[in-house]
Amino acid sequence: MPARGPCPLLCQSVQVGKVVQIQSLWIGILKNLFMTGTLLYICFALVSDKLYQRKEPVISSVHTKVKGVVEVKEEVVENGKKKVVQRVFDTADYTFPLQGNSFFVMTNFLQTEGQEQGLCPQYPTRWTLCASDRGCKKGWMDPQSKGIQTGRCVVFKENQKTCEVSAWCPTEAMEEAPRPALLNSAENFTVLIKNNIDFPGHNYTTRNILPDINITCTFHKTQNPLCPIFRLGDIFRETGDNFSEVAIQGGIMGIEIYWDCNLDSWSHHCRPKYSFRRLDDKTTNESLYPGYNFRYAKYYKEHGIEKRTLIKVFGIRFDILVFGTGGKFDFIQLIVYIGSTLSYFGLATVFIDLLINTYSSACCRSHVYPRCRCCESCAVNEYYYRKKCEPVVEPKMTLKYVSFVDESHIRMVDEQLLGRSLQDVKGEKVPRPLMDFTDLSRLPLSLDDPPPIPGQPEQIQLLSEEVIPRSGSTPGWCQCGNCLPSQLPEGLRCLEELCCRRKPGACITTSEPFQKLILARRVLHFLLLYQEPLLVLDADSTNSRLRHCAYRCYATWRFGSPDLANFAILPSCCRWRIRKEFPKSRGQYSGFKSPY
Ligand code: GDP
Ligand code: ZN
Ligand code: ZN
């Protein structure tokens, strides 16, 4: 903001706020309660969330080892006969290397043996069945089929005919995964997870397997929560799934390792927390490819012909997700936290302010005031509100303030008069500012009568309710009998058509303060000197300076605040009484001019 007034651009000016201090027991208690509550909350949040720490995300590496052996009964076709053989599957048979923090355990499979390159009919489905060669298209290959069509329709089995393809023959049967899963007992397999973590910012490294750990343990949520060896069946039990069911179609399971590390020396803690989450959608139906499967082939040569065994593998992919943070005390972090909470203390003031505003404006200013139960506290709040609030009206050309001696409030008129007398305009009621008697004590007011000024008759009259119209020239709007018609030109005249009273009664010019304050030459002269101590008044300007000072003096007396005084209109009786006391030698009086 540019510097104001004579202060040069670079001068050091500081703008500070002004505050209203309310000295009240209840408000004090309320404020202190609020402050204490805020302080307690801030301290609680600081300690419980360790907000004094600088936190850093974990970086990690994972390595897994699956162990277990399972016996599988397999159907094998040998010399055209079906035979059941027992086969033992060990780690190398059922785990597959995967990228990332994942491992895979086979739980079920479909095998197509002895495939070789050649021509053969497709497996009959809705899309591959045909009646004649016309139903097949040479060279056609759709993403679902296993080979390229030759354009011939051949017999698959008995009366079923399908399109012939050039492919690995015989083509894979579109069969359902075996039920129950072939490797159902894979739920007894165990997996050892090795997880090394690092917080480079804090220069701290650790791992989940500590030297003193019992390598024969099995993880249990409550009894052995730090054991890094997990039984696959247990993992599924934790998430509420049935291993045997998932094993048929396969699925994806997440193993979450959460590190919430406190690296401060006085409360060091850095151990992992394990939890599990089913990651694939268990509600998907048949058409949305449920489970998790893929195909792989084992190739071999038989009598010089390349052959393969195609295996469709169903199984469970385990994804290991490592996350968490490590925090260590940091002074800057503490300062930042304290700084960010300071504004909460200001809430106490905002809250009390709100209380005062609501209970003073909503309750007391409404018409229900006399019936309002909280009247007493409302009145108190109203008082604080008035102390706190200074309404400022836009200083418009049309703005005027009027004060009647028989009314306790002031009226604000903010409209064009359009020929009406100012006396007749109702305006809006504004509370009269409180009188400040300290200013009065500075005036050289003597309660003795001032020495009579030569040529000026003594006119002190006591206020009386009796109205004696002075002459027939009193205008119709005058209620005190002392007003005179305005001298201003026709259009402006209505502005000066204002009496000192709303209802008939004694004139303010007959009151003692008016005589002793507004008309006292000594007082006015002193006031002028008060503003300009070395003022020398020459004969020409004396009266007009004193007259203007008397106007101002009246406005300050009757309207209090200088904001209002600037827009105050003097009643005609006062204006003419002042002009009579300090007349102008020649010419017309110019009257009120709006300061803006
Ligand atoms: P002049 O001395 O010939 O110019 O005429 P006046 O005696 O009417 O004084 C004019 C000055 O007094 C101007 O600065 C006006 O703003 C001020 N003045 C005149 N009437 C009023 C009034 O009703 N209210 C206020 N606040 N100031 C007035
Ligand atoms: Zn009057
Ligand atoms: Zn009057």
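Residues numbered from 1 in each chain as written. Chains lettered and ligands numbered in written order. Predicted model: local features only at pLDDT ≥ 70, side-chain atom pairs only at ≥ 80, totals over all residues. Heavy atoms only, no water.

1. Details of the site of ligand 1
Basically, it comes down to this: Throughout, near means a residue has at least one heavy atom within 4 Å of the molecule or strand. Any pair of nitrogen or oxygen atoms within 3.5 Å is treated as a polar contact; in protein, a donor-acceptor pairing is required on top of that, and neighbouring residues in sequence qualify only through side-chain atoms on both sides. Areas reported as accessible are Shrake-Rupley estimates using a 1.4 Å probe. Residue values count occlusion only from the protein chains shown. Secondary structure elements are taken from DSSP: a helix is a run of H or I of four residues or more, a strand is a run of E of two residues or more, and numbering for both begins at the N terminus.
Around ligand 1, the surrounding shell holds 16 residues, and the nearest of these are R547, Y551, A568, K584 and S590. H548 places a side-chain nitrogen or oxygen 2.7 Å from an oxygen atom of ligand 1. The backbone of L570 places a nitrogen or oxygen atom 2.8 Å from an oxygen atom of ligand 1. For ligand 1, the protein covers 83% of the area, taking 560 Å² as the surface of the free molecule. Listed by contribution, the elements that provide at least two residues to the shell around ligand 1 are helix 10 (539-559) and helix 12 (572-581). When residues of the shell around ligand 1 are assigned to their parent elements, the largest contribution, three residues, is made by helix 10.

2. As for the sheet that holds strand 17 (residues 410-414)
How we decide: When DSSP locates at least two bridges between a pair of strands, those strands are taken to pair. Only the stretch in contact is used when a helix axis is fitted, and all axes are lines through C-alpha atoms; the angle between N-to-C directions ranges over 0 to 180 degrees. Any two residues whose heavy atoms approach within 4.5 Å at even a single point are treated as in contact.
Strands sit in the order 16-17-18 across an open sheet of three strands; the sheet is antiparallel. Each having just a single partner strand, strand 16 (399-403) and strand 18 (428-430) make up the two edges of the open sheet. For this sheet, the mean inter-axis angle between neighbouring strands, taken without regard to orientation, is 35°. Pairing of strand 17 with strand 18 involves three bridges; the strand directions are antiparallel. Directly across from R411, in strand 18, lies its bridge partner K429. Relative to strand 16, helix 10 is tilted by about 75°, and along the sheet it contacts strand 16 and strand 17.

3. Looking at the coordination of the zinc ion (ligand 3)
Threshold: Here a donor is an N, O or S atom found within 2.8 Å of the metal, or within 3.2 Å if the metal is Na, K or Ca; sites may look incomplete because water is not among the atoms. Exposure classes here rest on a 1.4 Å probe applied to the protein chains alone. A residue is buried below 20% of its type maximum, exposed above 50%, and partly exposed in between.
Each protein donor to the zinc ion (ligand 3) is listed here as C480 (SG), C500 (SG), C507 (SG) and C573 (SG); together their distances run 2.2 to 2.4 Å. Donor residues for the zinc ion (ligand 3), ordered by position in the chain, follow C-x19-C-x6-C-x65-C. In this structure, the zinc ion (ligand 3) is positioned 3.9 Å from the zinc ion (ligand 2), and both are ligated by C480. Taken together, the positions of C480 in the loop between helix 7 (437-441) and helix 8 (512-518) and C500 in the loop between helix 7 and helix 8 put the pair 20 residues apart, joining distant regions of the chain. As far as the burial class goes, C480 and C500 line up, both buried.

4. Things to note about the side chain of E172
Assignment of secondary structure puts E172 in the loop between strand 8 (160-169) and strand 9 (190-199). Here E172 falls in the buried class, since its relative accessible area comes to 5%. Among the polar contacts made by the side chain of E172, one reaches the side chain of K146 at a distance of 3.4 Å. Among the polar contacts made by the side chain of E172, one reaches the side chain of R295 at a distance of 3.0 Å. Excluding residues that lie within four positions of it along the chain, E172 makes contacts with T112, Q115, Y123, K146, R295, L310 and K312.

5. Topic: the pattern of salt bridges
Stated precisely, the cut-off is as follows: For this analysis, a salt bridge means a side-chain nitrogen from Lys or Arg found within 4 Å of a carboxyl oxygen belonging to Asp or Glu.
One pass over the full model with this rule turns up 22 salt bridges. Among the ionic pairs, R231 bridges to E187, the shortest N-O distance being 4.0 Å. Here the residue R231 occupies a position in strand 11 (residues 229-231), and E187 occupies one in the loop between strand 8 and strand 9, the gap between them amounting to 44 residues. Note on E187: relative accessible area 25%, which makes it partly exposed.

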